[in-house]
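Inside the fold
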Amino acid sequence: MSSYKPPLDDIRFALFDVLGSEANFARLGFADANRELVDAVIDEAARFSETVLAPLNRIGDEVGCKFDPATGDVSVPPGFKQAFDQFVEGGWTGLTNDPEFGGQGMPAALGGVLTEMVDSANLAWGNFPMLSHGAVKALETYGEDWQKEVFLKPLVAGTWTGTMCLTEPHCGTDLGLLKTRAIPNADDGSYAITGTKIFITAGEHDMSGNIVHLVLAKLPDAPAGAKGISLFVTPKFKVARDGSIGERNAVRCGSIEHKMGIHGSATCVMNFDGAQGYLVGEPHKGLQAMFVMMNSARLGVGVQGLGLSERAYQNALRYSRERLQSRSLSGPKAPDKPADPIIVHPDVRRMLLTQKALVEGGRLLSLHAYSLLDAAEHEADAGAREHADTLVGFLTPISKACLTEWSIESTYNAMQCFGGHGYIHEYGMEQYARDARITTIYEGTTGIQALDLIGRKTAASQGAGLKLFLGMVEAFAKQHEGDPALAEFIAPLRAKAAEWGKLTIETLQRAASNPDELGAASHDYLFYSGYVVLAYWWARSVATADASSRPQAFKDAKRETARFYFARILPRTLLHKAAIEAGAASLMAMPAEHFGE
Ligand SMILES: Cc1cc2nc3c(=O)[nH]c(=O)nc-3n(C[C@H](O)[C@H](O)[C@H](O)COP(=O)(O)OP(=O)(O)OC[C@H]3O[C@@H](n4cnc5c(N)ncnc54)[C@H](O)[C@@H]3O)c2cc1C
């Protein structure tokens, strides 16, 4: 039976020791986020995740959401609503939101910690609050005052939940193709929204009093393509400008999807049939607002991958210590037992260490990105805010894509540690692998993150984000130059950083004469980048652990894992580099008909 224990020691190491969040929170003006309070919040989030959410993970998978075709209603799995009520009562939905709208104004980095534990415990359940968060961000940034007043307070309080209605049957990645229409209503400044959205997470459910749909649609005079998209707020129950709740709006759930994983998350077809909606932001500028929703959600989906990897690793580790099979190649390690525990075998260690290295390094990648969100909003100096904003923009596709792709690798490795038992439902491991699979698809596929990184976040900005990250690497390397305890990490890290810069310039030069070169390099460039970023965090982890007062075993474990990472995972960059340098020719030469009949 699968279990979950929040990894509080490593979370605190990442947040406080490595990232220095205690001082950061104070510097950024989070007056209440002192160490004592943040520790208390982390402990309580851990308790809630472990004791309330984790026990519902299995039943959520087995029972799933239910759709009633007669009414269009969707019911969530047993226990989900009660857990959500507790979450709302505890004020968790508004942890990081603006106090003006009822939030607690805590740092985004603390929100990242909460999200990891929630997603480890119960990813499907975690989707409900996550989607609300994206809706809040879009309304906060682009909503009119009355919209903020009327919609934000209940969304932040958690009495209402939100959705992002982007995808349509014929378009997901290319939203310029969308067909949903918004026609101005003559009388009250509202719009009639008509169209079908598919795959809408939390589109319909029985956990909250109202559901606030943020819908992308086109106005009658919309220019063609992505420049003609506008954003509308369209609630399940109509809401007037004075906040009074009206009748049911003309939006219904047509069905829910039967999926590979996250059965407890409602994935809905939503039919809008002249539903009353209000424009959010300027006409035809919906794509900008959508990116506000998506950027927040992309870091969140990265954390979903991290959370699953953490839980799968914990269980694989426990099992590998208990399961007795065969003797160690170098002689018995448990001679009093009929066989050695499988953790003695090199191949099992390869799987475990790969998980550990990707999870603990990945936690820093993710929490650093969340910390940059705080800096981008709260740094006193405009230049520092811009610096943080550029860097988090650069790291977001890396965090989303790498943490989710690594969650597929990690959950499969964890399942493999269980042998045949991993494939059997009862042990819980196959659920993590099934749940992990969607994280590389929604909120923009891995392919789209890769294009975002190399295109918008690198080529279009002359590598501004990359330069900032390379600056961090060099500052760290300089600080520890000549330290014999770190030399084994600093030299290869510096070499990789130099190579990363050169590779980027060469790739962009090739792309100047052939745009396909960018797309051809994108996947490998993204993973090359992710592995170098993690090398930086592993080197810093060793330096930080060594300088801390933590037990020797903790310091040793960080160093041993870092050595494994540098010796056996960082060399994956060699493959990615070769693929990038191979260029577009071998990908693009073959005519479509040669792929097969
Ligand atoms: C369980 C679930 C929940 C979801 N929740 C939501 C939600 O709440 N709201 C919402 O709006 N949507 C949601 N989605 C939709 C999801 O975001 C889309 O499925 C995803 O963005 C991909 O779009 P698509 O399925 O249309 O694939 P397509 O866009 O058709 O892509 C197919 C393949 O082509 C690749 N591709 C497409 N264009 C390019 C390109 N230019 N360059 C390189 N490769 C390309 C893609 O990477 C992909 O591999 C959800 C989906 C699922 C399955």
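Residues numbered from 1 in each chain as written. Predicted model: local features only at pLDDT ≥ 70, side-chain atom pairs only at ≥ 80, totals over all residues. Heavy atoms only, no water.

Before going further, it helps to spend a moment on the overall build of the chain. Looking only at helices and strands, the chain features 18 helices and 11 strands. A globule of 597 residues ought to have a C-alpha radius of gyration of about 25 Å, and the chain, at 24 Å, matches this closely. Dimensions of the chain, computed from C-alpha atoms along their principal axes, come out at roughly 80 × 65 × 60 Å. The buried share of the chain, reckoned over its 597 residues, is 58%. (Helix = DSSP H or I, 4+ residues; strand = E, 2+ residues; numbered from the N terminus. Rg over C-alpha atoms; globule rule 2.2 N^0.38 Å. Buried < 20%, exposed > 50% of the residue type's maximum accessible area, 1.4 Å probe, protein only.)

The next point concerns the packing of aromatic side chains. Counted according to the given criterion, the structure contains 22 aromatic pairs. Taken together, a centroid distance of 5.8 Å and an interplanar angle of 80 degrees make the contact between Phe476 and Tyr536 edge-to-face. Of the two residues, Phe476 is situated in helix α13 (residues 464–479) and Tyr536 in helix α15 (residues 516–547); the sequence distance between them amounts to 60 residues. Residue Tyr536 is classed as buried on the basis of its relative accessible area, which comes to 2%. (Phe/Tyr/Trp six-rings, centres within 6.5 Å; stacked < 30°, edge-to-face > 60°.)

With that out of the way, let us pick up the pairing of strand β11 (residues 267–280). Within β11, 11 of the 14 residues are buried, which leaves it mostly tucked inside the rest of the structure. Examined bridge by bridge, strand β7 (residues 230–235) and β11 share 3 bridges and lie antiparallel to one another. Pairing of Val233 across the sheet is with Tyr278, part of β11. Direction of pairing for strand β10 (residues 251–256) relative to β11: antiparallel, over a ladder of 5 bridges. What sits directly across from Ile256, in β11, is Cys268. (Pairing = 2+ DSSP bridges.)

The next subject is the domain arrangement of the chain. Partitioning the chain into domains gives domain 1 (8–145), domain 2 (161–286) and domain 3 (445–597). Using only C-alpha atoms to locate each centre, domain 2 and domain 3 end up separated by 39 Å. (Domains from an automatic or database assignment.)

With 8 of its 8 residues buried, strand β6 (residues 210–217) lies for the most part within the structure. The two faces of β6 match: Asn210, Val212, Leu214 and Leu216 on one face and Ile211, His213, Val215 and Ala217 on the other face are all buried. For strand β3 (residues 160–165) and β6, the ladder comprises 6 bridges, and the chain directions are parallel. Counted as the bridge partner of Cys165 is Val215 from β6.

This brings us to the site of the ligand. Neighbouring the ligand are 17 residues, the closest being Met164, Thr167, Thr173, Phe199 and Thr445. At 3.2 Å from an oxygen atom of the ligand is found a main-chain nitrogen or oxygen belonging to Gly172. Contact distances for the ligand include 2.8 Å between a nitrogen atom and a side-chain N or O atom of Thr201. In isolation the ligand offers 970 Å² of accessible surface; the protein chains occlude 62% of this area. Looking at the shell around the ligand, the elements with two or more residues in it are β5 (191–201) and α12 (446–454). Here the shell around the ligand gets 3 residues from one element, more than from any other, and that element is β5. Among the residues forming the shell around the ligand, the class breakdown is 9 nonpolar, 6 polar and 2 charged. Each of domain 2 (161–286) and domain 3 (445–597) accounts for three or more of the residues forming the shell around the ligand. (Near = heavy atom within 4 Å. Polar contact = N/O pair within 3.5 Å; in protein donor to acceptor, adjacent residues only side chain to side chain. Areas by Shrake-Rupley, 256 points an atom, 1.4 Å probe, with all protein chains shown as cover. Nonpolar A, V, L, I, M, F, W, Y, C, P; charged D, E, K, R; others polar.)

A separate point is the pattern of salt bridges. Using the criterion set out here, one finds 42 salt bridges in the structure. Linking Glu149 and Lys153 is a salt bridge whose minimum nitrogen-to-oxygen distance equals 2.7 Å. On the criterion of helical spacing, the pair formed by Glu149 and Lys153 is a turn pair, its members being 4 residues apart in helix α7 (residues 145–157). Note on Lys153: relative accessible area 34%, which makes it partly exposed. Notably, a salt bridge pairs Glu282 with Lys285, separated by 3.6 Å at the nearest N-O pair. Note on Lys285: relative accessible area 37%, which makes it partly exposed. (Salt bridge = Lys/Arg side-chain N within 4 Å of Asp/Glu carboxyl O.)

With that settled, consider the packing of α12 against α15. Relative orientation of the contacting elements α12 and α15 amounts to 90 degrees, with a least axis distance of 8 Å. By the angle class used here, α12 and α15 are roughly perpendicular. Residue-level inspection shows Thr446, Gln449, Ala450, Leu451, Leu453 and Ile454 of α12 in contact with α15, the latter providing Leu518, Gly519, Ala521, Ser522, His523, Tyr525, Leu526, Phe527 and Ser529. A breakdown of the residues in the contact of α12 with α15 according to their chemical character gives 9 nonpolar, 6 polar and no charged. (Axes fitted to C-alpha atoms, helices over the stretch in contact; angles between N-to-C directions. Parallel < 35°, antiparallel > 145°, perpendicular 65-115°, else oblique. Contact = heavy atoms within 4.5 Å.)

Those residues of helix α5 (residues 80–89) not exposed but buried are Phe80, Ala83, Phe84 and Phe87. Taken end-on, α5 shows its buried residues confined to a sector of 100 degrees, consistent with a single buried face. Across α5 from its buried face, at more than 90 degrees, point the exposed residues Gln82 and Glu89. At the C-terminal side of α5, Gly91 shows a positive phi close to 75 degrees. (Arc of directions from axis to C-beta.)

What follows covers the state of the cysteines. Applying the stated criterion across every chain yields a total of 0 disulfides. Cys171 carries a free sulfur, and the closest cysteine sulfur to it, the one in Cys165, is 13 Å from it. Between Cys268, a cysteine without a disulfide, and Cys253, which holds the nearest cysteine sulfur, the sulfur-to-sulfur distance is 4.1 Å. The exposure class assigned to Cys268 is buried, which follows from its relative accessible area of 0%. (Disulfide = S-S within 2.5 Å.)

This part takes up the nonpolar core. Judged by nonpolar contacts, the single largest core of 128 residues is most densely connected at Trp125, Trp406, Phe469, Trp500, Trp537, Tyr565 and Phe566. In this structure Phe566 touches Phe489, Pro492, Leu493, Ala535, Trp538, Ala539 and Pro571, once residues within four positions along its chain are discounted. In terms of nonpolar packing, the next biggest core, distinct from the first, is built from 57 residues, Met130, Met293, Ala297 and Leu352 among them. (Core = buried A, V, L, I, M, F, W, Y, C linked by side-chain atoms within 4.5 Å.)

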